[in-house]
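Notes for the structure review
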Amino acid sequence: MSDENPLVRTFLIADIRGYTRFTQEHGDEASAALAARFSEIVHDGVEVRGGQLIELRGDEALAVFDSARQAIRAAVDLQSQFAEATDMVSNCPIKVGIGIDSGEAIKLQDGSFRGAALNVAARLCALAQGGEIIVSEGTSHLAGRVPGLRYVDRGRAHLKGIADTVRLIRVAAESEPQPQPSILMFFGKPGRIGWRVAAGVILIAAATAAAVVYLTAGNNGEPSSGASTRPGGGSTTVSEPTHLAPANDVVALIPSSLSKGCVKQTVADIGAVATAVCLPPAGAKGFHPDRWQVSIYPSGAAVRAAFEAERQRQSLGRNTGRCNSLSWGGEGAWAHGPGKPGGRRLCYFDGDDAVIVWTHERHGQPNHRDVLGIAREGGSDHVRLIGWWTFAHHLIGKVE
């Protein structure tokens, strides 16, 4: 028997990242202590926000709430407690991904629930990195604005077993830095910058654009198609114009063979011009990373700075270690071939996830952009991930 009139409920699923690998490296006793601490935090965090812990299986927890807002608050509380516990005990890293969805669900006599919202919450949890909270669009609408928090749109994605695409929303603290506004945003802050200065910026940009057109165009303002006239007659042969890489259309920099399942984020990653997130497309054949993304940066210096920050976060020395099917953990340059620099790459394990981060730099080529990519694959499956990256990184970041 079950409920005749199912209610709208909000489901929270939390999962420890890297639990299996932690057990292999530290043994059963250490993993049992990790699971016990996880259980203690989850019990208290769910209960204080009015939720009910339905199921707890070592490294995974399922809870239900009558209020979407309370579920989100509970998730934020839990992530704070997990981070604090990790800081207190260095060999007990509780890196947890949390997924939340809301919808009608039937409660069975044994206390369990059945409903599509549980499946969506599980998929969102699988996509969340350690320390992340990802909620569905429906949950964010039900909760409304939560003081101290904001919602970051990560675009739409196909989730395994879900027919329609789902919009991914990351819950972030209001204090978390946001991407810097563009020049046009000056007009949205009256009093911050005079209209004459703003107009001057636009005029300079327009003059620069006009100069580029003048220098690269023929007599009628059209791009040169192979020859230009020299004073006094004669001609000079020039190369065919190359396709220009778009300034902010990041999906256009991903070849069609790879771009299925890729969506542009509404808000780019910090410091980036645009970011696209890619998930395995529905019905896809062959290998696809569990999750990968590409960001356009405004310059070579900017993309190198972003890469350097990631290298330092992972405590990897420059030009150390290896990233291949036999060894995973290192940093170094990659090239298109002898004398043809491409960018840099680093790889590491994040719990059970194999992760590779790379740059594909423009190096003055008009059909390239300065991009940074990040791909991850669960199950520590770096062998298939490096196989995918080996061909993909040469293609991502340029137009043909």
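See the structure shown above.
Here we summarise the structure given alongside this text.

Parameters at a glance
- Residues numbered from 1 in each chain as written.
- Predicted model: local features only at pLDDT ≥ 70, side-chain atom pairs only at ≥ 80, totals over all residues.
- Heavy atoms only, no water.
- Salt bridge = Lys/Arg side-chain N within 4 Å of Asp/Glu carboxyl O.
- Helix = DSSP H or I, 4+ residues; strand = E, 2+ residues; numbered from the N terminus.
- Buried < 20%, exposed > 50% of the residue type's maximum accessible area, 1.4 Å probe, protein only.
- Phe/Tyr/Trp six-rings, centres within 6.5 Å; stacked < 30°, edge-to-face > 60°.
- Lys NZ or Arg CZ within 6 Å of the ring centre and 35° of its normal.
- Arc of directions from axis to C-beta.
- Disulfide = S-S within 2.5 Å.
- Pairing = 2+ DSSP bridges.
- Axes fitted to C-alpha atoms, helices over the stretch in contact; angles between N-to-C directions.
- Contact = heavy atoms within 4.5 Å.
- 1 Å grid on protein atoms, 1.4 Å probe; cavity = no way out; pocket = protein on both sides within 12 Å on 5 of 7 lines; lining within 4 Å.
- Points joined across faces, edges and corners; volume = space filled by probe spheres on them.
- Nonpolar A, V, L, I, M, F, W, Y, C, P; charged D, E, K, R; others polar.

Some thoughts on the pattern of salt bridges
- If you walk through the whole model with that rule in mind, you get 20 salt bridges.
- Residue Glu308 is joined to Arg311 by a salt bridge in which the shortest nitrogen-to-oxygen separation is 2.4 Å. Taken as a pair, Glu308 and Arg311 lie in helix 8 (residues 300-313) at a separation of three residues, close to a single helical turn.
- On the basis of relative accessible area, Glu308 is assigned to the partly exposed category, the value being 22%.
- On the basis of relative accessible area, Arg311 is assigned to the buried category, the value being 12%.
- Across the pair Arg376 and Asp353 runs a salt bridge whose closest N-O atoms are separated by 2.8 Å. Highlighted residues: Arg376 in strand 18 (residues 371-377) and Asp353 in strand 17 (residues 353-360), separated in sequence by 23 residues.
- Judged by relative accessible area, Asp353 falls into the buried class, the value being 17%.
- Salt bridges linked by common partners bring Lys95, Asp350, Asp353 and Arg376 together as one network.

Overview of the packing of aromatic side chains
- Tallying each qualifying case throughout the model produces five aromatic pairs.
- Both rings, one in Phe38 and one in Phe82, keep their centres 5.6 Å apart while their planes meet at 20 degrees; by these two values the pair is stacked. With Phe38 in helix 2 (residues 28-48) and Phe82 in helix 3 (residues 68-88), the pair connects residues that are 44 residues apart, well separated along the chain.
- On the basis of relative accessibility, which here comes to 0%, the residue Phe38 falls in the buried class.
- With a centroid separation of 6.3 Å and an interplanar angle of 75 degrees, the aromatic rings of Trp358 and Trp389 are classed as edge-to-face. One end of the pair, Trp358, is in strand 17; the other, Trp389, is in helix 9 (residues 382-392), and 31 residues separate them in sequence.
- Classification of Trp358 by relative accessible area gives buried; the value is 1%.
- Three or more aromatic residues joined by ring pairs make a cluster, and in this case those are Trp292, Trp358, Trp388 and Trp389.
- Directly above the aromatic system of Phe349 lies the positively charged group of Arg21, at a separation of 4.1 Å from the ring centroid.

Some details on helix 9
- Those residues of helix 9 not exposed but buried are His382, Leu385, Ile386, Trp388, Trp389 and Ala392. Buried residues of helix 9 fall within an arc of 160 degrees about the axis and therefore sit on the same side.

Looking at unusual backbone geometry
- Notably, His363 is not glycine yet its phi reads approximately 50 degrees, a positive angle.
- As for its placement among the helices and strands, His363 is situated in the loop between strand 17 and strand 18.
- In this structure, Ser380 takes a positive phi of about 55 degrees despite not being glycine.
- With relative accessibility at 17%, the residue Ser380 sits in the buried group.

What to know about the state of the cysteines
- Under the definition given, this model contains two disulfides.
- The side chain of Cys323 participates in a disulfide bridge whose partner is Cys347; the two sulfur atoms lie 2.1 Å from each other. Residues Cys323 and Cys347 share a disulfide whose torsion about the S-S bond is about -100 degrees; that sign makes it left-handed. Taken together, the residues Cys323 in strand 14 (residues 320-323) and Cys347 in strand 16 (residues 340-350) connect sequence positions 24 residues apart.

Some remarks on the sheet that holds strand 17
- Taking strand neighbours across the sheet as the criterion, the eight strands line up as 11-12-13-18-17-16-15-14 in an open arrangement whose pairing is antiparallel. Only two strands of the sheet have a single neighbouring strand rather than two, namely strand 11 (262-264) and strand 14. Looking at each pair of strands side by side, their axes are set apart by 25 degrees on average, direction ignored.
- The sheet contact formed by strand 15 (residues 328-337) and strand 16 spans seven bridges and is antiparallel. Across the sheet, residue Gly337 finds its bridge partner in strand 16, namely Lys340.
- Its contacts with the sheet put helix 8 on strand 15, strand 16, strand 17 and strand 18, and the angle it makes with strand 16 is roughly 30 degrees.

Digging into the layout of surface pockets
- Taken as a whole, the largest pocket holds about 1,500 Å³ of empty space.
- In terms of lining residues, the largest pocket is bounded by 49 residues, among which Gln129, Gly130, Glu132, Arg170 and Arg313 are the most central.
- A per-element tally of the lining of the largest pocket places helix 3 first, with six residues.
- For the lining of the largest pocket, the class distribution of residues is 26 nonpolar, eleven polar and twelve charged.
- The space that makes up the second largest pocket amounts to roughly 920 Å³.
- Together, 38 residues line the second largest pocket, and Arg123, Ala126, Leu127, Lys160 and Asp290 are the ones closest to its centre.
- Elements that contribute at least two residues to the lining of the second largest pocket include exactly strand 1 (7-16), helix 1 (19-26), helix 4 (116-127) and strand 18.

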